[in-house]
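# Structural characterization, general
Here is what each chain is made of, one letter per residue.
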Amino acid sequence: MSKKALIIVDVQNDFCPGGALAVPDGHLVVPIINDLQENGNFDVIVATQDWHPANHGSFASAHEGKSPGDIVLLGGLPQILWPDHCVQFTPGSEFVESLNTERIQKIVQKGTDPGIDSYSGLNDNGHKNSTGLGEFLKENEITDVHIAGLATDYCVKFTALDSHEFGFKTSVVVGACRGVNLIPTDVDNALRDLRIAGVDLL
């Protein structure tokens, strides 16, 4: 018997208009996600939250002479540098006020290690440390995972890939996601990569 979970990815103030790392039209996912929560018949609803310490290594400000968009090595992996965003306990790290959080049963905070980033809600980028989300879903006998949120070409993509690797039947609700699109084809490429990997696009 299948059991469904919804993972709401990083619907936080800093990723919406006016935020430090605003995703174009990021706020438009909120009513769709609220509707999914109410009408999607999910057994479990969880949310991820970017939760960086102030000195996080993915911030351009942590690297002398570097700017957002530059690439450095972090945790042995190529890392795009970003503006400071979703710093722990700041307004930018909070969920968007219009997001319905009453149905969320678990919040998973990621990106807490200053030495490596965590795009995925299940693992850090090096797959060395789990956030515990995959294990939580297994404990709750989840078989099917639906993913929505921000941003399509980063945290949604890698959450979906890791969910698939964990063995869940994984779907991305494309209309409930928006992308950064640093390069105009990034979202299209991300969706192509997900499709090739075996993730369903709804």
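Chains are numbered independently. Their residues run from 1 in the order of the written sequence. For a predicted model such as this one, the threshold for reporting local features is a pLDDT of at least 70, and the threshold for listing and counting side-chain atom pairs is 80 or more; totals across whole chains, interfaces and linings nevertheless cover every residue. Excluded from the side-chain calculations are hydrogens and water; all other atoms, namely the structure's heavy atoms, are used.

### Some remarks on helix α4 (residues 186-197)
Elements are defined by DSSP. Helices are runs of H or I of four residues or more, strands are runs of E of two residues or more, and each kind is numbered from the N terminus. Helices are assigned an expected span. That span is 1.5 Å times one less than the residue count. With twelve residues, α4 extends 16 Å between its outermost C-alpha atoms, agreeing within 8% with the 16 Å of an ideal straight helix rising 1.5 Å per residue. Whether a residue is buried, partly exposed or exposed follows from its accessible area with a 1.4 Å probe, protein chains only, as a fraction of its type maximum: under 20%, in between, or over 50%, in that order. Of the residues making up α4, those classed as buried are D186, V187, A190, L191 and L194. Along α4, the residues classed as buried sweep out an arc of 135 degrees about the axis, all on the same side. Residues of α4 that are exposed and point over 90 degrees away from its buried face: D188, R195 and I196. Where the residues of α4 are buried, they touch α3 (152-165), β7 (169-178) and β8 (200-201). Just downstream of α4 lies G198, where phi reads positive at about 105 degrees. Directions pointing from the helix axis toward each C-beta atom define the arc. A contact between two residues is defined here by any heavy atoms of the two lying within 4.5 Å.

### What to know about the side chain of T152
Note that T152 resides in helix α3. Exposure remark for T152: the relative accessible area of 4% places this residue in the buried category. Whenever a nitrogen or oxygen atom comes within 3.5 Å of another N or O atom, the pair is scored as a polar contact, on the condition that within protein one atom can donate a hydrogen and the other can accept it, and that pairs from neighbouring residues in sequence are kept only if both atoms are in side chains. A polar contact of 3.5 Å, which involves the side chain of T152, links it to the backbone nitrogen of G179. In contact with T152, other than residues within four places in its own chain, are K157, C177, R178, G179, V187, A190 and L191.

### Some details on empty space enclosed by the protein
Here a cavity denotes a set of grid points, spaced 1 Å apart and computed over the protein atoms alone, in which a 1.4 Å probe fits but from which it cannot get out, and a pocket denotes an open set meeting protein on both sides within 12 Å along at least five of seven lines; residues with an atom within 4 Å of a point are reported as lining. Grid points are joined across faces, edges and corners, and a volume is the space filled by probe spheres set on the points. By the definition in use, this model includes one cavity of 30 Å³ or more. If you add up the space inside the largest cavity, you get close to 130 Å³. Along the walls of the largest cavity sit 14 residues, with F15, L21, W82, Y154 and C155 positioned nearest its centre. Residues belonging to the lining of the largest cavity are distributed by class as follows: ten nonpolar, two polar and two charged. Any residue that is not Ala, Val, Leu, Ile, Met, Phe, Trp, Tyr, Cys, Pro, Asp, Glu, Lys or Arg is counted as polar, Gly included; the first ten are nonpolar and the last four charged.

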